[in-house]
Amino acid sequence: QVQLVESGGGLVQAGGSLRLSCAASGTIISINAMGWYRQAPGKQREWVASITSGGSTNYADSVKGRFTISRGNAKNTMYLQMNSLKPEDTAVYYCNGFVVAYSSPGAKTYWGQGTPVTVSS
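Since the model is a prediction, treat every value here as computed from it, not as a measurement. (Residues numbered from 1 in each chain as written. Predicted model: local features only at pLDDT ≥ 70, side-chain atom pairs only at ≥ 80, totals over all residues. Heavy atoms only, no water.)

Engineer: I tried to follow the sheet that holds strand β3 (residues 18-26) on my own but got confused; where do I start?
Structural biologist: Neighbouring strands of a sheet are bound in pairs by backbone hydrogen bonds; such pairs are parallel or else antiparallel. Strand order across the open sheet formed by 4 strands is β1-β3-β8-β7, with antiparallel pairing between neighbours. Either end of the sheet is taken by a strand with one partner, and the two such strands are β1 (2-7) and β7 (67-71). Taken pair by pair, the neighbouring strands of this sheet meet at an average axis angle of 15°, ignoring direction. As defined by bridge partners, β1 adjoins β3 across 6 bridges and the pair is classed as antiparallel. (Pairing = 2+ DSSP bridges. Helix = DSSP H or I, 4+ residues; strand = E, 2+ residues; numbered from the N terminus. Axes fitted to C-alpha atoms, helices over the stretch in contact; angles between N-to-C directions.)

Pasting the structure below:
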């Protein structure tokens, strides 16, 4: 079994910062790409940022220059540093990982349960 758990969400004023964390656990052999997505009320889930096992990063235009994705020294962890937050960043943030696990053949995508972020104006 593989689990991804997000933490670090909360309430912040516009212009403030938050740091989200994602920790993967279980019978993991390796994690290839990891990413952050978000879903605002009444909207579809959208991609925010991603990072490969080699450290290459990509960002949605809406967060470029404000958010930074990184992976921890323990490769099963990932972070999203969010600066200059705007009310439109309000959403539930989900992490995902493309994981190779002992428990199943091949690589599969796993999702966390989400952590809410609310940015007040």
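There is more to say, and it comes next.
Engineer: Is there a simple way to think about the state of the cysteines in this case?
Structural biologist: A covalent bond bridging the sulfur atoms of two cysteines is what the word disulfide describes. Tallied over the entire structure, the rule returns 1 disulfide. One disulfide in the model links Cys 22 with Cys 95; its S-S distance is 2.1 Å. Across the disulfide from Cys 22 to Cys 95, rotation about the S-S bond amounts to roughly 55°, and the bridge is consequently right-handed. Taken as a pair, Cys 22 in strand β3 and Cys 95 in strand β9 (residues 91-101) lie far apart in primary sequence, 73 residues in all. Note on Cys 22: relative accessible area 1%, which makes it buried. (Disulfide = S-S within 2.5 Å. Buried < 20%, exposed > 50% of the residue type's maximum accessible area, 1.4 Å probe, protein only.)

Engineer: Looking at this model, I keep getting lost on the side chain of Arg 38. Mind explaining?
Structural biologist: Its location among the elements puts Arg 38 in strand β4 (residues 28-39). Within the local environment of Arg 38, its side chain forms a polar contact with the side chain of Ser 62, the two groups lying 3.5 Å apart. Within polar-contact distance, the side chain of Arg 38 engages the side chain of Asp 89 at 2.9 Å. When neighbours within four sequence positions are excluded, Arg 38 is seen to be in contact with Gln 44, Arg 45, Glu 46, Val 48, Ser 62, Val 63, Phe 67, Glu 88, Asp 89, Ala 91, Val 92 and Tyr 93. (Polar contact = N/O pair within 3.5 Å; in protein donor to acceptor, adjacent residues only side chain to side chain. Contact = heavy atoms within 4.5 Å.)

Engineer: For this particular structure, what's the right way to read the pattern of salt bridges?
Structural biologist: Oppositely charged side chains can form a pair if their charged atoms are brought close together. One pass over the full model with this rule turns up 4 salt bridges. Residue Glu 46 pairs with Arg 38 through a salt bridge whose shortest N-O separation is 2.6 Å. The exposure class of Arg 38 is buried, given its relative accessible area of 5%. (Salt bridge = Lys/Arg side-chain N within 4 Å of Asp/Glu carboxyl O.)

Engineer: Whenever I open this one, the side chain of Asp 89 confuses me. Can you help?
Structural biologist: Along the chain, Asp 89 turns up in the loop between β8 (77-82) and β9. A distance of 2.7 Å separates polar atoms of two side chains, one belonging to Asp 89 and the other to Arg 66. Setting aside chain neighbours within four positions, we find Asp 89 in contact with Arg 38, Arg 66, Phe 67, Ser 84, Val 117 and Val 119.

Engineer: Is there a simple way to think about the packing of aromatic side chains in this case?
Structural biologist: A ring pair, where both rings are aromatic, is described by two values, the distance of the centres and the angle of the planes. For the coordinates displayed, the defined rule picks out 1 aromatic pair. Measuring from centroid to centroid gives 5.0 Å for Tyr 37 and Trp 111, while their planes differ by 65°, and the two rings are edge-to-face. Of the two residues, Tyr 37 sits in strand β4 while Trp 111 sits in strand β10 (residues 107-111), which places them 74 residues apart along the sequence. Owing to a relative accessible area of 37%, Trp 111 belongs among the partly exposed residues under this scheme. Sitting over the face of the ring of Tyr 79, Arg 19 holds its NZ or CZ atom 4.0 Å from the ring centroid. Seen from the ring of Trp 111, Arg 45 lies directly overhead, with NZ or CZ sitting 4.7 Å from the centre. (Phe/Tyr/Trp six-rings, centres within 6.5 Å; stacked < 30°, edge-to-face > 60°. Lys NZ or Arg CZ within 6 Å of the ring centre and 35° of its normal.)

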